Each structure stands twice: as structure tokens, then as C-alpha cells.
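Here are the chains, one letter per residue:
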Amino acid sequence: MRLRQIVLLLLLALAIGAFVALDFGRFLSFEQLKASQASFAQLHAEHPFTVAAVYFLVYVLATALSIPGAVVITLAGGAIFGLWQGLLIVSFASTVGATLAFLASRFLLRDWVEARFGQRLADINAGVNREGGFYLFTLRLIPVVPFFLINLLMGLTRMKVWTYYWVSQIGMLAGTAVYVNAGTQLAQLDSLQGILSPALLGSFVLLGIFPLIARRIVAAVQKRKVYARWADQRPQTFDRNLIVIGGGAGGLVSAYIAAAVKAKVTLIEVHKMGGDCLNYGCVPSKALIKSAKLAHQMRHASNYGLSDSAPSFSFKAVMQRVHDVIKAIEPHDSIERYTGLGVEVLQGYGKLVNPWTVEVALNDGTTQRLTARSIVIAAGARPSVPPLPGLDDVGYVTSDTLWDEFAQLDEVPKRLVVLGGGPIGCELAQSFARLGSQVTQVEMGARIMVREDEEVSELAKASLEADGVQVLTGHKALRCELHPPTVAAIAAKQSMDRHASLAMTEKRELVMTEKEGVDTPFEKRLIVEHNGQEQVIPFDQLLCAVGRVARLQGYGLEDLGIPTHRTVETNEYLQTIYPNIYAAGDVAGPFQFTHTAAHQAWYAAVNALFGEWKLFKADYSVIPWATFIDPEVARVGLNEQEAKEKNIPYEVTKYGIDDLDRAIADSEAHGFVKVLTVPGKDKILGVTIVGAHAADLLAEYVLAMKHGLGLTKILGTIHTYPTMSEANKYAAGEWKRAHAPQKLLAWVKKYHDWRRG
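What counts as what
Residues numbered from 1 in each chain as written. Predicted model: local features only at pLDDT ≥ 70, side-chain atom pairs only at ≥ 80, totals over all residues. Heavy atoms only, no water. Salt bridge = Lys/Arg side-chain N within 4 Å of Asp/Glu carboxyl O. Helix = DSSP H or I, 4+ residues; strand = E, 2+ residues; numbered from the N terminus. Buried < 20%, exposed > 50% of the residue type's maximum accessible area, 1.4 Å probe, protein only. Axes fitted to C-alpha atoms, helices over the stretch in contact; angles between N-to-C directions. Left-handed = near helix turned anticlockwise from the far one by under 90°. Contact = heavy atoms within 4.5 Å. Nonpolar A, V, L, I, M, F, W, Y, C, P; charged D, E, K, R; others polar. Pairing = 2+ DSSP bridges. Parallel < 35°, antiparallel > 145°, perpendicular 65-115°, else oblique. Phe/Tyr/Trp six-rings, centres within 6.5 Å; stacked < 30°, edge-to-face > 60°.

For the structure on display, the rule yields 29 salt bridges. Among the ionic pairs, Lys351 bridges to Asp559, the shortest N-O distance being 3.8 Å. With Lys351 in strand S3 (residues 344-354) and Asp559 in helix H22 (residues 557-560), this pair connects stretches of sequence that are 208 residues apart. For Asp559, a relative accessible area of 42% gives the class partly exposed. Note that Arg737 is salt-bridged to Glu734, the shortest N-O span being 2.9 Å. One end of the pair, Arg737, and the other, Glu734, are both in helix H28 (residues 726-738), three residues apart, so they sit about a helical turn from each other. One continuous salt-bridge network, built from bridges that share partners, spans Asp453, Glu455, Glu640, Lys654 and Lys674.

Below, the structure written as C-alpha cells:
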């Protein structure tokens, strides 16, 4: 605490202490006020301005110090000055005093509270920024809520001082008028209870509810305004309760929920059911990772007491297995299954015509229009392709196209360049390296997997490099080029190709152009910049894995004026500017995970179907994710770099998986469990796990955080031996050991010493 804070705190303590010690409270009783009414009236008649000034200062001081007795002082204002003058003085004095209390709370307590409860306060501040004035106004209209408490609590938020002042000035006016008016009738009052009659309290409650009713009215007016241009197109009846655009995770779950509650729902998907996850992302990549890991284990069989052996395989067979896995899972997301669940599935391209109508360009060439009371947009995302000069000339694949493109190859790509150091790039770079590709991974940033802690990034880089990936961080891709092969490249080609019979005299023919009708083995090159110097990276295949962008074009969003900025802009209920149009999944953000798309879909569907009665805010408080490199990296909640960025205090507990019995038995003894907790408490702020089956191990912490369970509960849970899940128990044990009550244990030791005689 700074010196100025200490001084102010001492002054406040002295003022309150003097008030108590000198028993000034006796002057703030109702009985004392009635007994002194005549004296006050005479004094005011003799010195009107002096009495008014002193009264104003006393009121400000009492309010600023949160001293009990504000009601009595307010009554005195009415008794001494009358209704209008008393109302004027009390209104400004009470607001000035309340603002001083607000500032004192902010100056003395806010930094301390933010340090201890930073994340919770950040959420509150976000709400205050949106609607803080409205809620303050509502609270000020209900004098039943202690005003001094409002002053102190609001001081802990980021509300602007001016906003606090003028909202308080207006909000307290009604209650102030009631008490000042009562003061003018002081002689007829028997007690303070006479003021706060049940009828008056009921009036205050109704007054407090009025802003909520007014808010509903304002929302209805705004709703009418946003739909105004479409008023003549609103159907009298609707074909469907819900239309869902997109058959990925978000769309499938939205349609499933609607069908489960017996709503009439139509799901529109132009391409493949299951979306990106089934066809291009989660499923095929994990199938490839499994094959690559097995090849890796064969090369390192000596780790298990066996003989190392180079895996012999057909790359076509590996890619065929990937497609077989997709086909095996397809029935879970198939048209047949969802039709059986009660969902109408249309194969075509859906476009919004107005807020209630979707035009579907069906794949058979026909067009159909449907109306629905609500619509969910779950169009997903697509790979981002960087605007590199020459990229189209050399050709490239993305995480979407590689599965079909590479399935046509007889062999694994000899030289593969992976652009991007995020989760997708890391997973695919390691997998293809394990299958035999010479992989170069290019990342413009200072490190790969930049969202994770630096030690995690370094461990991931070391793991990829151990598998042969050349990881180039701090390298910016500039352009792609086609170059004639060098003499050395031609010689290498001759030595590798048993059927080549090219003579040195024929080299010139190799670099002839396609215009001359000859196949040209031009070399593909990526030019990168590092520390101001250009470098050349030759390759056979280029994989762009620099992220994904939401699909925002072609769905009629721009025609309806729905704002988009990287994603569809929604409120906390996943509503767009049109309350009946929702967005979920990658197209809505802020996360691009299958499980968050499904999570959002629940809120979108329920709000779309039942929002007239109750709207639910999407909850992102506990979101897990994983990167399936080897070892896996999984996280939920905060890591250290995020905690530092948000200025949230934390403690770190770390358990090395190299100490775990099952990990040692499986030759997987590497990685760690790192838990961030509230200082001095076992409340979990976040967990990062690096190691085998990290994504599976994380589930226990996700459950604990979701339901407010601490590390002590995890420690007290029986974990099967020997399993990897024991790592969670041992991490909790590390925390418990670090927080053992040493003084108490010292006395326990003395007790045992005494017991031994």
C-alpha cells in the first residue's frame, strides 16, 4: 500500500474513531432531532447561509465516511429548510458525499481487490462498461438497498466518476424527495418506521422495477426499428421453427437439440455432413497421427526391448486408411441419422433473403424458399491462404485439400514445407516427418505455439526437431519461385531414379519451357527473410497452415446488414443485430474448436427456440483445448503468460511426469503437469499438461474448475494404479506439501517425541 493510501486510511480511521469516541451518534437519533427541531429552526432564521453551508458539509462528511444516520440528517433538511430548498441541498450533498466514498473505496481498495480477484472483476467491469449506468440507476431508485454499500462496491469497478455522479444525482432524487418531505412533517412523525410504511416500500420497489420494464420497452422499440425495413416481408406463419445453415459441429448440435424438443427444423449443408472436423480436420489428422506414431515406435522399438526397424509401408495405404476412418465415422453425422432424429436435411447452399426467409440453391439445380421463426448460422471456417507472390504458380495444399491431393501420391512428399507454427502446422509437420518427409516448418513469430507458455513452446520445438523437422522461427515468407534445377540437383535425380538415362549433353533439354512442349522439372522454392537476409528453401510440396478464417461471404449477411469483423458479431446470447438470427461455431468465434462449436450450439438453439421466455448467456469460463503432437499439449484456463498479461496473481505447482510409474513403464516418462492456483488457496486458475494422453488427463481438471473443486478434492480422489491419471493426484500432492502447516507439524513432532518418553 502506497504512503498516500496509508495516510488517507489513517485519516478515515481517525474520523470514524472520533465519531464513535465522542458519541456524535447521539445527535443523529430520531428523538434528538425532534427535540432540537425548534432550536434548529431558530438558528436557521438567524443565520440562514451559515446553517445551510454547515449542514451541507456535515451531510457530505457523513455520507463520505459511510456513517449511519443519513436518514435522520435528510429529515433534518426537510424540517429546517422546507421541501424545495431542503431537496436541493440534500440532493447535491448526498451525491457529492457518495462520490467521495466511491473515490475513497477506489483509491484504497480497488488495486488490492483486482490483485486477488482480477478475472472476476474483469468480467464485472465488462458488464459495467456495457450497462453499469443502467444498473446503478435501478439500485439508486430503491432506498432499501444501503446506499453506502453501493458507494463502496461501485468504487471497486472501472465505472467513470462522472457517470457515477450524474446517475447517482438523478437516481437518488425520488428517494431523497420522500425523506425531505417527511422531514417537513417531522412534528407529526412518531418514528422512522412511520416513514417506511409497506405502501411506501412497495412504491420504491415498483420504482426500481420500472427501469427494467422501461428496458424491455426500449428493447422492443429497438427490435421494431431493426426489422422496420423488412416489416412488409414478415410471414404471418412460418414453415419451420428453426433453420440451421451449416452441417458441421455447430449446425448438427443445433439441429439435434431442436429435433429433441420436437421443433420443426431444417438443416442445410452444401457439401459434406460433419463439416471440417470430420472431413478435413480432427478426424483425418488424428488418423494420420496414429499411423505416424506407429512408424516412429517401430524406428525406436529398442525403447521397448525390441529391435529397431525401418517401417515399410505404402503411402497410398496410409492415406486410404485416413479416408476409411472418415467413412467409419460418417454415419454419426449422416443425413440418414439426422433424418431419423426428425431433422429435415437439405443438400444445397442456403442464403438469407430477409430475417425470416432462407433461399436454398439445392444441389440438384432447383431452388427452394423456407421461412422460420429463428435461424442459426453455423457456416464454419476455411483455411487462410497467405497472399504470397508466386504461390499459385508453385501450387500448395491446405489442411482441407491435402487429404485428397496427397491420396493421389505414390510416396510421401520428399521435401515438405509447412507454413505456420500453430497447432495444425505442428501436428502435420511432425506426422509427415515421422512418415519419412524432409520437413521444414516456417514460422514468422519468435516461437511456435505462441499461445502456450514459453517452456511449452520450447519443449514442442525440441520434440519436432527430434523427429527431424527443421523448425525455422523468426522467418518471414516473402515469395515462391520456380527455378531450373542445378547441376547437382540433376545429378541427384539421376542417382535416385533407376530408370533415368539422361546424359550430360541432355541437361539443356531439362530446362526447356512448357511452351516448347517438354515437361520441365523446375525446382519449387520458398524465399524467406531472417535477420534481414533472404534464404532459399527448396520443396516438393507446400502446406499452408497459417490459421483459419470464418466463412462470411455468400450467406446474405451483407445484404441484411449483419456486422462481421473476422467473425459474425453477436451478443452474449449469440444473437446478431436481428434477435431471431444466431451464429455458432467457428463463424461466431472466439474459439475454433469442435467442442466449443457444440457448446455454443446449445445456447444458440435453446435461445432461438425459447428466447422469448428466457435467454442464456454463452459460458466460456472453462474451455479446454489440446494440440496432438507427441507429447500432447493440453490446457484449460490460464497459463502463466496469460496470468501475467491480465495481472492476475497466481502460484505454480508443477509435477514432472518423468517420476510417474506408468509413464516409466510405457517409456513415456517426459512432460509435466503445471497447475496455477490462487495464492495460498487450492482454487484452480488453469492447468497445462504436456505428456502422453495429456488431452485425456485434462478432463479431471476441466470438471474440477467447472464445479469449483480445488486440488484438495483431487488429492482425496482414489486414482487407479498404475495409470497416467495419477499425475493429477501427484500434482495436487505437490501443492499440499508446499502448503503444509509447518508450525503445527513442529508441535506434532514434539507430541510424538513426548509419546516416545
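Having seen the structure, we can now continue with the description.
Next up on the list: the packing of helix H11 (residues 249-260) against helix H23 (residues 594-610). Interaxial distance between H11 and H23 falls to 8 Å at its minimum, and their mutual angle equals 40 degrees. As H11 packs across H23, the resulting crossing turns out to be right-handed. Between H11, through Ala249, Gly250, Val253, Ser254, Ile257 and Ala258, and H23, the contact on the second element is made entirely by Thr594, Ala597, Ala598, Ala601, Trp602, Ala605, Val606 and Leu609. Looking at the contact of H11 with H23, its residues break down into 11 nonpolar, three polar and no charged.

Here we come to the sheet that holds strand S13 (residues 533-539). Taken in spatial order, the three strands make up an open sheet running S11-S12-S13, and their pairing is antiparallel. Either end of the sheet is taken by a strand with one partner, and the two such strands are strand S11 (476-483) and S13. When the angles between neighbouring strand axes are averaged without regard to direction, this sheet yields 25 degrees. Note that strand S12 (residues 523-530) and S13 share seven bridges and pair antiparallel. Counted as the bridge partner of Lys524 is Phe539 from S13.

The next subject is the environment of Asp111. Summarising the element assignment, Asp111 is placed in helix H6 (residues 83-140). By relative accessible area, which is 40% here, Asp111 ends up partly exposed.

Packing of helix H4 (residues 48-64) against helix H5 (residues 70-81) brings their axes to within 10 Å, and their N-to-C directions diverge by 165 degrees. One finds that H4 runs roughly antiparallel with respect to H5. Here H4 runs over H5; the crossing is left-handed. Of the residues in H5, those in contact with Val51, Ala52, Tyr55, Tyr59 and Ala62 of H4 are Ala70, Ile73, Thr74, Ala76, Gly77, Ile80 and Phe81. Partitioning the contact of H4 with H5 into residue classes produces 10 nonpolar, two polar and no charged.

The next thing to look at is the sheet that holds strand S23 (residues 684-691). Strand order in the open sheet formed by five strands is S19-S20-S23-S22-S21, with antiparallel pairing between adjacent strands. The outermost strands of the open sheet, each flanked by one partner alone, are strand S19 (624-627) and strand S21 (651-656). Strand after strand, the sheet turns through a mean of 10 degrees between neighbouring axes, direction not considered. Helix H26 (residues 694-706) rests against S19, strand S20 (632-637), strand S22 (672-677) and S23 of the sheet, and its axis sits at about 170 degrees to S23.

Right, let's get into the packing of aromatic side chains. Under the defined criterion, the tally for this structure stands at 17 aromatic pairs. Residues Phe591 and Phe593 carry aromatic rings whose centres are separated by 6.0 Å and whose planes lie at 25 degrees to one another, so their mutual orientation is stacked. We note that Phe591, like Phe593, is buried. Their ring planes at 40 degrees and their centres at 5.6 Å tell us that Tyr655 and Tyr730 sit as a pair that is tilted.

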